[in-house]
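Residue strings, one per chain:
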Amino acid sequence: MTHLTDLFDSLVEASMRAMVTTPGTEFGVRLREAPDPAPKPGQVLIEVRNSSLNHGDVSAAGGAKPDKVMGWDAAGVVVQAAANGEGPEVGANVLTFGGSGGWAEKRAVSVGELAVIPDGVDMADASALPIAGVAALRALRRSGELTGKRVLITGASGGVGRYGVQLAALEGAEVVALARRGDGLAELGATEIVADLDAVGPVDIVLENVGGPTLVRAWELVKAGGVLQSIGWTSMEPAVFPPYATVGPAKSLVSFESGDGYAPDLAYLLKLVADGKLTVDVGWRGSWTRFDEAAAELLGRRISGKAVLDID
C-alpha cells in the first residue's frame with residue numbers, strides 16, 4: 001500500500017495545469033492536466049506567472065496535434081537553474097520565448113531564449129513583449145537606416161504595430177500608422193494616423209501586419225529602393241496583385257520570420273521599458289480561466305495592444 005501511495009504522489013507531483021490542445025473546443029485548447037516539463041541541460045525551469053496571447057499562437061492552436069501545450073510568450077520565476085551552469089539562478093524573474101509551452105504553470109526554456117526582468121518592470125507587462133516586440137525590432141533592423149525615413153506601419157493598434165511605432169520613432173523615423181483604433185498612437189510616436197491608405201503618400205519602409213488588400217495597397221506606396229516587410233496576415237484574406245504591380249523601379253517585398261536566439265533582444269526591450277522609453281499597452285488582462293474570452297477579443301481585433309493571462 002505504501003508503494004502505491006508513493007507512486008500516486010509522484011504522479012500527482014509530476015503534473016501541472018496547462019492550456020492543452022483539445023479537438024472540439026472553440027479555440028483548440030482546454031485548461032487541463034499535463035505532464036511537468038523536463039528541462040534539458042541548457043534549460044531552466046520556471047514557474048509561470050503571466051503569459052500573453054498572439055494572433056499566431058491562438059490561430060495555430062486549432063490546427064496543432066492533440067495534447068500539446070501551447071503559448072509563445074511567458075514570464076515567471078526560475079525554480080530550477082540550468083544543469084550546465086548557464087543562465088539565471090533560482091529565484092530570478094525572467095521573460096521567456098519559445099515555440100510552445102508558455103500557457104502553463106511551468107515551462108522549460110533555453111537560456112538563449114530568456115532575459116532577466118529588471119527591477120521595476122511589471123511581470124505582466126514583460127510577458128507582452130517577446131514575439132511582438134522582437135518581431136517589430138528585427139523587422140525594422142532588417143529594413144536599413146531609419147533616421148529621416150518615412151515608415152508605414154499597418155495594423156498599428158496591435159501588439160507588433162504599437163511596438164513598431166515606438167521603435168521606429170526612437171530611431172528618428174517619420175511614422176505613418178494605419179489603425180482602426182488610433183487612440184494613443186500619437187503619444188507613442190506616430191506623426192500621421194490614418195484609417196485607410198488612400199490619402200497616404202509614398203513611403204520608404206512598410207511593416208505590414210494585415211495582409212490581403214492592405215498588403216497590395218501598401219506595396220503600391222513603397223518608393224523605389226524601399227522595402228515592405230510582410231510580418232503578419234491578421235485579415236486572413238488573399239492578396240491579389242493587379243497585372244504589372246511588380247514591374248517597375250526596384251523595391252523589395254520581403255517575407256519575415258523572427259527566428260530564435262531572443263535573449264539579447266529581450267534584454268534590450270526590457271531595458272527600454274525600464275528606462276521609460278518603451279510603453280507596453282495591455283488591452284486585456286484576466287485569469288487564464290477566461291482564455292476563450294481573451295482569444296475571441298484578440299482574433300476579433302477588438303483589443304488595442306496585447307492580451308495578457310494571469311496564471312493563477
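Note: the structure precedes this text.
Note that the structure is a prediction, hence the values are computed from the model and not measured.

**Comments concerning the pairing of strand 8 (residues 150-153)**
Burial along strand 8 is two-sided: Arg150 and Leu152 and Val151 and Ile153, pointing in opposite directions, are all buried. Pairing of strand 8 with strand 9 (residues 174-178), which is carried by four bridges, proceeds in the parallel orientation. Its bridge partner being in strand 9, Arg150 is matched across the sheet by Glu174. Crossover handedness for the path strand 8 to helix 5 (residues 159-170) to strand 9: right-handed. As judged from the three bridges shared by strand 8 and strand 11 (residues 203-208), these two strands associate in the parallel manner. Within the sheet, the bridge partner assigned to Ile153 lies in strand 11 and is Leu207.

**Describing the packing of aromatic side chains**
Within the structure shown, the criterion is met by two aromatic pairs. Ring plane angle 5° and centroid distance 3.9 Å describe the contact between Phe97 and Tyr262, whose orientation is recorded as stacked. Here Tyr262 lies in the loop between strand 13 (252-255) and helix 8 (263-274) and Phe97 lies in strand 5 (residues 93-97), a separation of 165 residues in the sequence. Neither Phe97 nor Tyr262 differs from the other in exposure class; each is buried. The ring of Tyr268 carries the charged tip of Arg141 above its face, separated from the ring centre by 5.4 Å. We note Lys251 situated over the ring of Trp219; from NZ or CZ to the ring centre the distance is 4.5 Å.

**Observations concerning the packing of helix 4 (residues 130-141) against helix 8**
Orientation of helix 4 relative to helix 8, taken along the N-to-C sense of each, is 100°, at an axis distance of 10 Å. By the angle class used here, helix 4 and helix 8 are roughly perpendicular. When helix 4 is examined against helix 8, the residues Pro130, Gly133, Val134, Leu137, Arg138 and Arg141 are found in contact with a partner set consisting of Asp265, Leu266, Tyr268 and Leu269. Class assignment of the residues belonging to the contact of helix 4 with helix 8 gives a composition of six nonpolar, one polar and three charged.

**Points about the environment of Glu171**
Along the polypeptide, Glu171 turns up in the loop between helix 5 and strand 9. Glu171 sits in the partly exposed class, given a relative accessible area of 40%. Glu171 sits 94 residues away from Asp265 along the chain, and the two C-alpha atoms are 16 Å apart.

What counts as what
Counting of residues starts from 1 at the beginning of each chain's written sequence and follows it residue by residue. The predicted origin of the model limits local features to residues at a pLDDT of at least 70 and limits the giving and counting of side-chain atom pairs to 80 or more, whereas totals for whole chains, interfaces and linings rest on all residues. Side-chain measures here rest on the full set of heavy atoms in the structure, leaving out hydrogens and waters. Exposure is judged per residue with a 1.4 Å probe applied to protein chains only, and the accessible area is read against the type maximum: over 50% gives exposed, under 20% gives buried, and values in between give partly exposed. Each helix is a run of H or I in the DSSP string that is no shorter than four residues. Each strand is a run of E no shorter than two, and both are numbered from the N terminus. Following DSSP output, two strands are said to pair if at least two bridges run between them. Place the viewer so that the strands point away; then a crossover is right-handed whenever the path from the first strand over the helix to the second strand goes clockwise. In summary, the pairing rule links any two rings of Phe, Tyr or Trp, Trp by its six-membered ring, whose centres are within 6.5 Å, and it sorts them by plane angle into stacked for under 30 degrees, edge-to-face for over 60 and tilted for everything else. Charge-over-ring placement is defined geometrically: NZ (Lys) or CZ (Arg) within 6 Å of the ring centre, and within 35 degrees of the ring normal. To obtain an axis, a line is fitted to C-alpha atoms, over the contacting stretch when the element is a helix, and the angle between two such axes runs from 0 to 180 degrees between their N-to-C directions. Convention used here: angles under 35 degrees read as roughly parallel, angles over 145 as roughly antiparallel, angles from 65 to 115 as roughly perpendicular, and any remaining angle as oblique. By definition, residues are in contact when any of their heavy atoms lie within 4.5 Å. Polar here means any residue outside two lists: the nonpolar Ala, Val, Leu, Ile, Met, Phe, Trp, Tyr, Cys and Pro, and the charged Asp, Glu, Lys and Arg; Gly therefore counts as polar.

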